[in-house]
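Architecture and fold: a report
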Amino acid sequence: MSKFQILVVEDDAPIRSLITTTLKAHDYRFVVSETGEGAVMETASHNPDIILLDLGLPDIDGVEVISRIRSWSNVPIIVISARSEDSDKIDALDAGADDYLTKPFSVDELLARLRVTQRRLALMQSNTTQQSTYENGQLKIDYASGCVYLGGEEMRLTPIEYKLLCLLARNTGKVLTHKFILQNVWGSSWEKDVGSLRVFMATLRKKLEKAPGSPQYIQTHIGIGYRMLKIE
Ligand code: CA
């Protein structure tokens, strides 16, 4: 898990030191920036593998930093935000962040997020060309025929469930907001439609997950959205 270079963007010295100490202890390489402008510059000059980005920076807003970086780079971005900033988290994800950590976070949480992101990165690198099939654990999607298999058995999905599953699969490892999913599956982003999204997600999970109460494939982010996890 070493050799990954991480850009740490955090103006708060104690948190920055917690992060860099953890990274050092786990053989990650890193560069540090205390400002948003610095983060954009470091990204351009160091080409990091992952960015850990605090949203509350002294100069420009973290969401603005994401938009600027996303104009030329797909580097995975994990945002760090305070618990009171739920809408900021959603804005950050909609601007192109992959994941988030909520302050205060533990070292274990930080390392877990990095592992999820490294898996996503590996997947992004192996999927440079559009793949015709998707495989994850027992799940297999054949995009050409539109057939989905679970442990070799064909799944019977409705067109909406299929669209939903494909969207999550194509973004494995990334947290997708309700708004993003609604726009991509239904072409709308009405807040009131989040209820229907939940209903479709529940029926999809009943078919996909062995124990829908403790899902293995699709993770819920309460108040934010969903993520397809890469099964090891
Ligand atoms: Ca801050």
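Here we summarise the structure given alongside this text. One numbering rule holds for all chains: residues counted from 1, following each sequence as written. Where totals are concerned, whole chains, interfaces and linings use all residues; where local detail is concerned, this predicted model gives features only for residues with pLDDT of at least 70, and gives and counts side-chain atom pairs only at 80 or more. Each side-chain value is derived from all of the structure's non-hydrogen atoms; neither hydrogens nor water enter the calculation.

**What to know about the packing of helix 6 (residues 159–170) against helix 7 (residues 178–185)**
For clarity, the cut-off: For every element, the axis is a line fit to its C-alpha atoms; helices are fit only across the contacting stretch, and the angle between N-to-C directions ranges from 0 to 180 degrees. A run of DSSP states H or I qualifies as a helix once it reaches four residues; a run of E qualifies as a strand once it reaches two. Both are numbered from the N-terminal end. The labels follow the angle: roughly parallel below 35 degrees, roughly antiparallel above 145, roughly perpendicular from 65 to 115, and oblique for the rest. Less than a right angle of anticlockwise turn of the near helix away from the far helix marks a crossing as left-handed, whereas a clockwise turn marks it as right-handed. A contact between two residues is defined here by any heavy atoms of the two lying within 4.5 Å.
Viewed as axis vectors pointing N to C, helix 6 and helix 7 meet at an angle of 125 degrees, and their least axial separation amounts to 10 Å. Viewed along their axes, helix 6 and helix 7 adopt a mutual orientation that is oblique. Of the two possible hands of crossing, helix 6 and helix 7 adopt the one that is right-handed. For the pair formed by helix 6 and helix 7, the contact residues are Ile160, Lys163, Leu164 and Leu167 on the first element and Phe180, Ile181, Asn184 and Val185 on the second.

**Details of the coordination of the calcium ion**
For a metal with four tetrahedral donors the ideal donor-metal-donor angle is 109.5 degrees, whereas six octahedral donors ideally subtend 90 or 180 degrees. Heads up, the rule is: Note on donors: an N, O or S atom is included if it sits within 2.8 Å of the metal, or within 3.2 Å for Na, K and Ca, and water is never included, so sites can look incomplete. Summary of the burial criterion: residues with accessible area below 20% of their type's maximum are buried, those above 50% are exposed, and those between are partly exposed, where the area comes from a 1.4 Å probe applied to protein chains only.
The protein atoms that coordinate the calcium ion are Asp11 (OD), Asp54 (OD) and Gly56 (O), at distances spanning 2.2 to 2.3 Å. Sequence positions of the residues that donate to the calcium ion give the spacing D-x42-D-x1-G. Of the two residues, Asp11 sits in the loop between strand 1 (5–9) and helix 1 (13–25) while Gly56 sits in the loop between strand 3 (50–54) and helix 3 (62–70), which places them 45 residues apart along the sequence. Looking at Gly56, the relative accessible area reads 38%, which means it is partly exposed.

**Describing the side chain of Thr20**
Tracing the backbone through its elements, the reader meets Thr20 in helix 1. On the basis of relative accessibility, which here comes to 13%, the residue Thr20 falls in the buried class.

**So, the nonpolar core**
Heads up, the condition is: Buried residues of nine kinds, namely Ala, Val, Leu, Ile, Met, Phe, Trp, Tyr and Cys, make up a nonpolar core once their side-chain atoms join them within 4.5 Å.
Within the largest apolar cluster, 27 residues are counted, with the highest numbers of intra-cluster contacts made by Leu139, Ile141, Leu165, Ile181, Met201, Ile218 and Met228. For this core, the elements supplying multiple residues, two or more each, are strand 7 (139–142), helix 6, helix 7, helix 8 (194–208) and strand 12 (225–228). Top contributing element to this core by residue count: helix 6, with seven residues. Contact partners of Ile141, with chain neighbours within four places excluded, come to Ser132, Thr133, Tyr134, Cys147, Val148, Tyr162, Leu165, Cys166 and Ala169.

**Quick word on the sheet that holds strand 9 (residues 153–154)**
Put simply, the test is: Any two strands with at least two DSSP bridges between them are considered paired.
Judged by pairing direction, the sheet is antiparallel, and its four strands sit side by side in the order 6-7-8-9 without closing on themselves. At either end of the open sheet lies a strand with only one pairing partner, and these are strand 6 (133–136) and strand 9. As paired elements, strand 8 (residues 147–150) and strand 9 share two bridges and run antiparallel to each other. Bridge pairing in strand 9 places Tyr149 opposite Glu154. In this fold helix 6 packs onto strand 6, strand 7 and strand 8, with an angle of close to 105 degrees to the strand it touches most, strand 7.

**Structural notes on the side chain of Gln5**
Topologically, Gln5 is positioned in strand 1. Relative accessible area serves as the criterion here: at 11%, Gln5 is assigned to the buried category. When residues no more than four places from it in sequence are discounted, the contact partners of Gln5 are Arg29, Phe30, Val31, His46, Pro48, Asp49 and Ile50.

**Some words on the environment of Val63**
Secondary-structure assignment places Val63 in helix 3. Val63 sits 139 residues away from Ala202 along the chain, and the two C-alpha atoms are 31 Å apart.

**Thoughts on the pairing of strand 12**
Regular strands show a simple pattern: their side chains alternate between the two faces of the sheet. Burial of strand 12 is two-sided: the residues Gly225 and Arg227 facing one way and the residues Tyr226 and Met228 facing the other way are all buried. As paired elements, strand 10 (residues 176–177) and strand 12 share two bridges and run antiparallel to each other. Among the inter-strand pairings, Thr177 is bridged to a residue of strand 12, identified as Gly225. Where strand 11 (residues 218–221) lies against strand 12, four bridges are found, and the strand directions are antiparallel. When the bridges of strand 12 are listed, Thr220 appears paired with Tyr226.

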